[in-house]
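Fold and geometry: a report
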Amino acid sequence: MMILTMAIIRSYITLAFVGLILLPINNLNFLAYAAESEGLGASFIFGDSLVDCGNNNYLSTLSKANIRPNGMDFQPSGGNPTGRFTNGRTIGDIIGEELGQPNYAVPFLAPNATGKAILYGVNYASGGAGIMNATGRIFVNRVGMDIQIDYFNETRKQIDKLLGPSKAKEYISKRSIFSITVGANDFLNNYLLPVLSIGARISETPDAFIDDLITHFRAQLTRLYQLGARKFVIGNVGPIGCIPYQKTINQLDQNQCVELPNKLALQYNGRLKDLVAELNDNLPGSTFVYANVYDLVSDLITNYEKYGFSTASRACCGNGGQYAGIVPCGPTSSLCTDRSKHVFWDPYHPSEAANIILAKKLLDGDTRVISPMNLRQLRDH
C-alpha cells in the first residue's frame, strides 16, 4: 500500500538480482517432520506490502523496504531490515507464531526457500502487487497475484517430491492455511492513480472496475483450490482513505479521512463478501473465511487512545507534510521516539504494535470480525 511521486522514485532506485539456489534434500527427514509437527503445518501467504516479508528484495523494483530503519524491532534479524514494510513483524508473521508455526514462512524468491523450509510455509507477497496485472506498474517490478499463484504451483511440486503425492495432498489441504491480503493497490496504485490511470477511469466506472477485480479474483482463488488449497482466509480492503499519505496530501484534520478511496473500498468489500460465500457454496470441501479488516482498522484509527496509541494520523517514520506522510521510510526520515504509540509505521503501513492488535482479533474474534470462523478455529477445522 504505497504511492510514490516521481521525485521519490528517483531517490529510491536500487537493483538486486538473486537466483534461487537448490540444495540437496533428505526425504526421510521431511516425512518425520510432517508426521511429528504440531499446530499449523504450513502458512502460505499471498498479497501486497502489508504482508511482504522480503520478496521485493530480489526484484529490480522501486517498492522496497530493505533499508533502515525498517525492521528495527524485528528480533530475528537483530533489528536489521528484512524487506518487511514495518518496524517489526507483519500480521502474517504474528498469526503464524500464534497458530504454532515454528518458523516464519520464507519469501519464495529467497535462496533458502527450498527443502525443509517450505514445509513451514512460503510467502509470495510482493510490495505494489494487486489482483490485476497492471496494478503497481509505477514501481517497475512487483509480483502480481497471477504470478504468485504460478510460484505456489512450483512450491506444490516441490512438496510432492518431499512428502510424496498422497501425504503432500493431505498436508496442503488439512494442515495448511492460505491467506490472501490484496486489493488496496488495485485502487491506490491503479484506479485512483493520477495520470497513469486517468484513461481507465474515463472509460470504466467504479462498478465496472470492481466487476473486473471480482472476476479476476474468483479465477485466482479457484485456481488455488484446484492446486489443493482448502483453508483460505481472505482479507478485505482496509480504510485506505485514512492512511497518513492520504491525510497529508489532502490536508485533512487528524480525525478526517478521504471519502472516495474509502467508498470504493466498501463497495469492493461488499462484493468480496458475496464472492467468499459463493466459493464456500460451490467449491466442495473448502472453507473460505472473510476477514473484516476494514472495520478492524477503522476501529483502531477511531479509538486509538483506547488501544494505548498516541496518534492514528502521523507516521512514525517518514517525511513531508503535517503527518510525515509524503516520503517513504528511509535513513533520512524523521523517526518517532516510541513506535508502540503509533498506529502507522510509515505513510502507508501499520506498526508492529497495530499488527499485534489486528492479528489477535483475527485469531480469536467473533463473526463480526471474521466469519464464519476465526483463525484458531480454521486451523483446527
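With that out of the way, let us pick up the overall build of the chain. Within the chain one finds 13 helices and nine strands. A total of 381 residues make up the chain; the buried ones form 57% of that total. Long-range contacts, defined here as pairs at least 24 residues apart, represent 72% of the contacts in the chain between residues at least 6 apart.

Remark: helix H4 (residues 145–163) packs on helix H5 (residues 165–174), axes separated minimally by 7 Å, with the N-to-C direction vectors making an angle of 125 degrees. By the angle between their axes, H4 is oblique relative to H5. Seen from above, H4 lies across H5 with right-handed handedness. In this structure, H4 uses Phe 152, Arg 156, Ile 159, Asp 160 and Leu 163 to contact H5, whose residues at the interface are Pro 165, Lys 167, Ala 168, Lys 169, Tyr 171 and Ile 172. Residues of the contact of H4 with H5, tallied by class, amount to seven nonpolar, no polar and four charged.

Below, the discussion takes up the side chain of Lys 247. With respect to the helices and strands, the residue Lys 247 is situated in helix H9 (residues 244–249). As a buried residue without a salt bridge, Lys 247 has its nearest oppositely charged side chain in Asp 253, at a separation of 9.7 Å. Within the structure, the side chain of Lys 247 is placed 3.2 Å from the side chain of Ser 313, a separation counted as a polar contact. Apart from the residues lying within four places of it in its own chain, the contact partners of Lys 247 are Cys 242, Leu 252, Asp 253, Gln 254, Gln 256, Cys 257, Ala 312, Ser 313 and Tyr 323.

Ranked by size, the top nonpolar core spans 95 residues in total, and within it Phe 46, Ile 180, Phe 217, Phe 232 and Tyr 268 carry the most contacts. Take this core: its biggest share by element is eight residues, from helix H8 (residues 206–226). Beyond its immediate chain neighbours, meaning those up to four positions away, Tyr 268 contacts Ile 131, Val 182, Phe 187, Ile 210, Leu 213, Ile 214, Phe 217 and Val 237. Formed by five residues, the second largest nonpolar core is a distinct cluster that contains Cys 316, Cys 329, Cys 336 and Trp 345.

The next point concerns the environment of Gly 115. Looking at where Gly 115 falls in the secondary structure, it is placed in the loop between strand S2 (106–107) and strand S3 (121–123). Distance in space between the C-alpha atoms of Gly 115 and Gln 158 is 8.1 Å, their sequence separation being 43 residues.

All told, the structure shown has 13 salt bridges when counted by the stated rule. Note that Arg 89 and Glu 97 form a salt bridge whose closest N and O atoms lie 2.8 Å from each other. A relative accessible area of 18% means that Arg 89 is categorised as buried. Residue Glu 97 is classed as partly exposed on the basis of its relative accessible area, which comes to 34%. Taken together, the salt bridges that share partners define one network made up of Arg 89, Glu 97 and Glu 352.

Bringing the pairing of strand S6 (residues 287–291) into the picture now. Note on strand geometry: in a regular strand, side chains alternate between the two faces of the sheet. Counting buried positions over the five residues of S6 gives five, a clear majority of the element. Burial along S6 is two-sided: Thr 287, Val 289 and Ala 291 and Phe 288 and Tyr 290, pointing in opposite directions, are all buried. Where strand S5 (residues 231–235) lies against S6, five bridges are found, and the strand directions are parallel. Within the sheet, the bridge partner assigned to Val 233 lies in S6 and is Val 289.

Residue pairs spaced three or four apart in an α-helix point in one direction, given the helix's 3.6 residues per turn. Judged by how many residues are buried, helix H3 (residues 91–98) sits mostly within the fold: six of eight residues are covered. Along H3, the positions that sit buried rather than exposed are Ile 91, Gly 92, Asp 93, Ile 94, Ile 95 and Gly 96. Where H3 is buried, its residues meet strand S1 (42–47), helix H12 (352–364) and helix H13 (375–380). Two residues or fewer after H3 comes Gly 100, characterised by a positive phi angle close to 95 degrees.

One pass over the structure, following the stated rule, counts 16 aromatic pairs. Ring geometry for Phe 46 and Tyr 124: centres 4.8 Å apart, planes at 15 degrees, overall stacked. Highlighted residues: Phe 46 in strand S1 and Tyr 124 in the loop between S3 and H4, separated in sequence by 78 residues. For Phe 46, a relative accessible area of 0% puts it in the buried group.

Within the secondary structure, Glu 352 sits in helix H12. A residue is classified by how much of its surface remains accessible, and Glu 352, at 14% relative accessible area, is buried. Those residues in contact with Glu 352, other than ones at most four positions away along the chain, are Asp 73, Thr 86, Asn 87, Gly 88, Arg 89 and Ile 94.

About the cut-offs
Residues numbered from 1 in each chain as written. Predicted model: local features only at pLDDT ≥ 70, side-chain atom pairs only at ≥ 80, totals over all residues. Heavy atoms only, no water. Helix = DSSP H or I, 4+ residues; strand = E, 2+ residues; numbered from the N terminus. Buried < 20%, exposed > 50% of the residue type's maximum accessible area, 1.4 Å probe, protein only. Contact = heavy atoms within 4.5 Å. Axes fitted to C-alpha atoms, helices over the stretch in contact; angles between N-to-C directions. Parallel < 35°, antiparallel > 145°, perpendicular 65-115°, else oblique. Left-handed = near helix turned anticlockwise from the far one by under 90°. Nonpolar A, V, L, I, M, F, W, Y, C, P; charged D, E, K, R; others polar. Lys, Arg positive; Asp, Glu negative; His and termini not counted. Salt bridge = Lys/Arg side-chain N within 4 Å of Asp/Glu carboxyl O. Polar contact = N/O pair within 3.5 Å; in protein donor to acceptor, adjacent residues only side chain to side chain. Core = buried A, V, L, I, M, F, W, Y, C linked by side-chain atoms within 4.5 Å. Pairing = 2+ DSSP bridges. Phe/Tyr/Trp six-rings, centres within 6.5 Å; stacked < 30°, edge-to-face > 60°.

The values are spatial; any link to function lies outside them.
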